[in-house]
Amino acid sequence: MLLLSGMTPEQLLDGQLSYYPELIRDSDTLLQILLSELPWHSDSVRVYGKEHTIPRRQCWLGDTGLNYTYSGKTLQPLAWHPRLKTLNHELNQALGLANNSVLCNLYRNGQDTMGWHSDDEPELGPAPVVVSVSLGAERDFALRRKGQSRMYGKLPLAHGSVLVMNAGMQTCWQHALPRRAGIEAARINLTFRCLANPAPLF
Ligand SMILES: O=C(O)CCC(=O)C(=O)O
Ligand SMILES: [Fe+2]
């Protein structure tokens, strides 16, 4: 298993991942503001007909008029928090993107996790560029190729860092946020995404 943190941005998965530590300005303040001001809630998913509470808190914010599907339910993002609206705009300008929503995840401590998945929901389109901002406790971003159970490598994501999952990444790779023992501090992850506007009905 590879530790990916020593690699230059260009070497990560042949350019499918780009990592910029310490890119976010005032990350300490932003962390505190988002911890107290975002509408964090406990969500559940239905697996084989049984409801399970997900092991973290989350909320979805974005432009009005968008839909996303989560665990078989169609939902609308909540209104932007002003700080996240600005951050989305800045990231879009810097990276040449048109992301219009953000999934916010709160890992309360090292016991909160996210399982293996790709961000390949149909409303993200065939080759989404997902921009992931990390604040708070450092946690590992684990990677494996689709169809393989063995972990390929992991990249510790630092406070104030930005990880860009480039077009194509979701087709071939899965990622996860494993449990990490001994972490008491919280971590927030923000994944900025472009949701396709629903087709007009008339
Ligand atoms: O917390 C992370 O770094 C990953 C989050 C993630 O994969 C997602 O929101 O889809
Ligand atoms: Fe993801």
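Calculation rules
Residues numbered from 1 in each chain as written. Chains lettered and ligands numbered in written order. Predicted model: local features only at pLDDT ≥ 70, side-chain atom pairs only at ≥ 80, totals over all residues. Heavy atoms only, no water. Donors = N, O, S within 2.8 Å, 3.2 Å for Na, K, Ca; no water. Tetrahedral: all angles 85-135°; square planar, octahedral: opposite > 155°, others 65-115°. Helix = DSSP H or I, 4+ residues; strand = E, 2+ residues; numbered from the N terminus. Expected span 1.5 Å × (residues − 1). Buried < 20%, exposed > 50% of the residue type's maximum accessible area, 1.4 Å probe, protein only. Arc of directions from axis to C-beta. Contact = heavy atoms within 4.5 Å. Near = heavy atom within 4 Å. Polar contact = N/O pair within 3.5 Å; in protein donor to acceptor, adjacent residues only side chain to side chain. Areas by Shrake-Rupley, 256 points an atom, 1.4 Å probe, with all protein chains shown as cover. Patch = residues over 30% accessible without salt bridge, like charges linked within 9 Å, V, L, I, M, F, W, Y side chains within 5 Å. Salt bridge = Lys/Arg side-chain N within 4 Å of Asp/Glu carboxyl O. Core = buried A, V, L, I, M, F, W, Y, C linked by side-chain atoms within 4.5 Å.

The name given to the chain in an unreviewed UniProt entry is Alpha-ketoglutarate-dependent dioxygenase AlkB, with Oceanobacter antarcticus as the source organism.

Q: Explain the coordination of the iron ion (ligand 2) to me, and be specific about the residues and the numbers.
A: Within the protein, the atoms that donate to the iron ion (ligand 2) are H117 (NE2), D119 (OD), D119 (OD) and H175 (NE2), at distances of 2.1 to 2.6 Å. The site at the iron ion (ligand 2) holds six donor atoms, and with the angles between them running 50 to 165°, its shape is irregular.

Q: Lay out helix α2 (residues 82-95) with the relevant residues and their values.
A: Helix length check: α2 (14 residues) gives 20 Å between terminal C-alpha atoms against 20 Å at 1.5 Å per residue, within 8%. For α2, the full list of buried residues reads L84, L87, N88, L91 and N92. Buried residues of α2, seen end-on, are gathered within an arc of 135° and therefore sit on one face of the element. Pointing more than 90 degrees away from the buried face of α2 are the exposed residues P82, Q93 and A94. Buried residues belonging to α2 abut α1 (27-37), β4 (50-62), β7 (101-107), β9 (130-136), β12 (161-165) and β14 (187-193). Looking one or two residues past α2, G96 carries a phi angle of roughly 70°, positive in sign.

Q: Before we move on, can you summarise the site of ligand 1 with the specific residues and values?
A: For ligand 1, the set of nearby residues contains 13 residues, the closest of which are Y107, D119, H175, R187 and R193. At a separation of 3.0 Å, an oxygen atom of ligand 1 approaches a polar side-chain atom of D119. In this structure, H175 approaches ligand 1 through a side-chain N or O atom, which is 3.0 Å from an oxygen atom. Here ligand 1 has 290 Å² of accessible area as a free molecule, and 98% of this is covered by the chains.

Q: A description of a nonpolar patch on the surface should follow, citing residues and the corresponding values.
A: Together, Y20, L23 and L95 make up an exposed nonpolar region whose accessible area comes to about 240 Å². By secondary structure assignment, the location of L23 is in the loop between β2 (17-20) and α1. The exposure class assigned to L23 is partly exposed, which follows from its relative accessible area of 46%.

Q: Summarise the nonpolar core; cite the residues concerned and give the values.
A: Ranked by internal contacts, the top residues of the largest apolar core, which has 23 residues, are L84, C104, L135, L190 and F192. At the level of secondary structure, the elements contributing two or more residues to this core comprise α1, β4, α2, β7, β9, β12 and β14. Not counting the four nearest positions on each side in its chain, L135 is found in contact with I24, S27, L30, L31, L34, H159, G160, A186, R187, I188 and L190. In this structure, V130, L163, M165 and M169 belong to the second largest nonpolar core, which totals 14 residues.

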